[in-house]
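Residues per chain, in single letters:
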Amino acid sequence: MEIFQTGTSLLERKQFGDDFLYNFHGFWFTLLFLQGTQELLKQFKPLPNDVILASFPKTGTTWLKSLLYAIVNRSSIDELTRNHPHLLVPQLELQIYGPQAISPPLFPSLDPSSANRIFQTHLPYQILEETVNSSDCRVIYVVRNPKDTLVSVWHFVNSLELAKTAQWPLEEVVDQFCEGFLPFVPYYDHVLEYHKKSMERPKKFFFITYEELKSDPKTHVKKLAEFLGCPFDNEELVEEVVRSCSIETLRNHDVSKSSDVFSFYEFRYNSYFRKGQVGDHKSYLTNDMIDRIDTITREKFQGSIFKHEADSS
Ligand code: A3P
């Protein structure tokens, strides 16, 4: 099986569930994502009007998928009541180029009649650099504070069938996060590089935190629309977009409650809408865990990402 490109240094290690992780360009991947990533790097040629949503897992990707879809496709906003956001906006390395991708891919966000095709990826800029710079496509990056992110990862993995018999201990997740050994980790390098690009090239890269979006969704939805070149001229429409994409609305659609498993991934439709709260980690992490993560966050981010103490604490 040809899974590794020439010149790629490779390390593999077993993680929870006996799955192996592979190190590719300094980041860890499961085999499924590694294969999809390599296909993507060979084949994907973004168009100038494409929009690529990039994120580390569990940072609000599903929310941003629904928001971007609603902003770009205002007249078909009600698609969100019938379709899971993951079936509206596909993940490149999974749903388009992954080994279990549906062929030929057909997603509403790729409709040629839409001004902008929307894709999503969890790939770091360090891997996607040449691809995203090969056209004038725009990139939106969402980040979330690391403690809520890893608590969300922990819940998400424990929602899997394989975790029914033995749950993934939180201590192990924290250790692995701090050590830099989880899918798509190192988190800090993932975040910092996109942040740097957004400072250098603000017309191409838009950087947003889950926490700021949560605290003032209307303002940030308007900024997103301006960045995408389709500003709102109607305040009511902004409110409708925010309302249609809120976790309270989305989680109540039948499609979000379904316990069906996606055809391209082992997770259930209903595992993407949990609490959606800022600071949820406080209910799970010990003070010692919080101190460990905060120390790394301070050292790596040096206050550059989460400006307000409340966002990261
Ligand atoms: P919690 O596990 O903290 O509740 P992702 O979409 O990147 O997988 O992230 C999932 C996280 O985003 C989960 O966080 C989930 O509850 C939250 N989420 C999903 N939809 C959301 C929405 N519309 N608004 C806010 N948060 C949302």
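Residues numbered from 1 in each chain as written. Predicted model: local features only at pLDDT ≥ 70, side-chain atom pairs only at ≥ 80, totals over all residues. Heavy atoms only, no water.

Draft legend 1. Inspection of the packing of helix α8 (residues 170-179) against helix α15 (residues 287-301) at higher detail. In the contact formed by α8 and α15, the axes pass within 11 Å of each other and the chain directions differ by 15°. Relative to α15, α8 is oriented roughly parallel. Judged by the twist between their axes, the crossing of α8 over α15 is left-handed. Residue-level contacts link Leu170, Glu171, Val174, Asp175, Phe177 and Cys178 of α8 to Met289, Arg292, Ile293 and Ile296 of α15. (Axes fitted to C-alpha atoms, helices over the stretch in contact; angles between N-to-C directions. Helix = DSSP H or I, 4+ residues; strand = E, 2+ residues; numbered from the N terminus. Parallel < 35°, antiparallel > 145°, perpendicular 65-115°, else oblique. Left-handed = near helix turned anticlockwise from the far one by under 90°. Contact = heavy atoms within 4.5 Å.)

Draft legend 2. Representation of the pattern of salt bridges. Going through the model one piece at a time under the given rule, you end up with 13 salt bridges. For Lys42, the salt bridge is made with Glu39, and the minimal N-O distance between the two is 3.2 Å. Note that Lys42 and Glu39 are positioned in helix α1 (residues 31-43) at a spacing of 3 residues, about one turn of the helix. Overall, the relative accessible area of 26% leaves Glu39 in the partly exposed class. Here Glu235 makes a salt bridge to Lys222, at a shortest N to O gap of 3.0 Å. Remark: Lys222 occurs in helix α11 (residues 217-227) and Glu235 occurs in helix α12 (residues 235-244); sequence separation between them is 13 residues. Judged by its relative accessible area of 38%, Glu235 falls in the partly exposed class. Salt bridges sharing partners connect three or more residues here, namely Lys218, Lys222, Glu235 and Glu239. (Salt bridge = Lys/Arg side-chain N within 4 Å of Asp/Glu carboxyl O. Buried < 20%, exposed > 50% of the residue type's maximum accessible area, 1.4 Å probe, protein only.)

Draft legend 3. Region of the structure containing the site of the ligand. The immediate surroundings of the ligand are formed by 18 residues, with Thr61, Thr62, Ser152, Lys275 and Gly276 found nearest. Within the backbone of Thr59, one N or O atom sits 3.1 Å away from an oxygen atom of the ligand. At 2.7 Å, a side-chain N or O of Thr61 approaches an oxygen atom of the ligand. Counting only elements with at least two residues in the shell around the ligand, the list comes to α2 (61-72) and α13 (247-250). With 3 residues, α2 is the single largest residue contributor to the shell around the ligand. (Near = heavy atom within 4 Å. Polar contact = N/O pair within 3.5 Å; in protein donor to acceptor, adjacent residues only side chain to side chain.)

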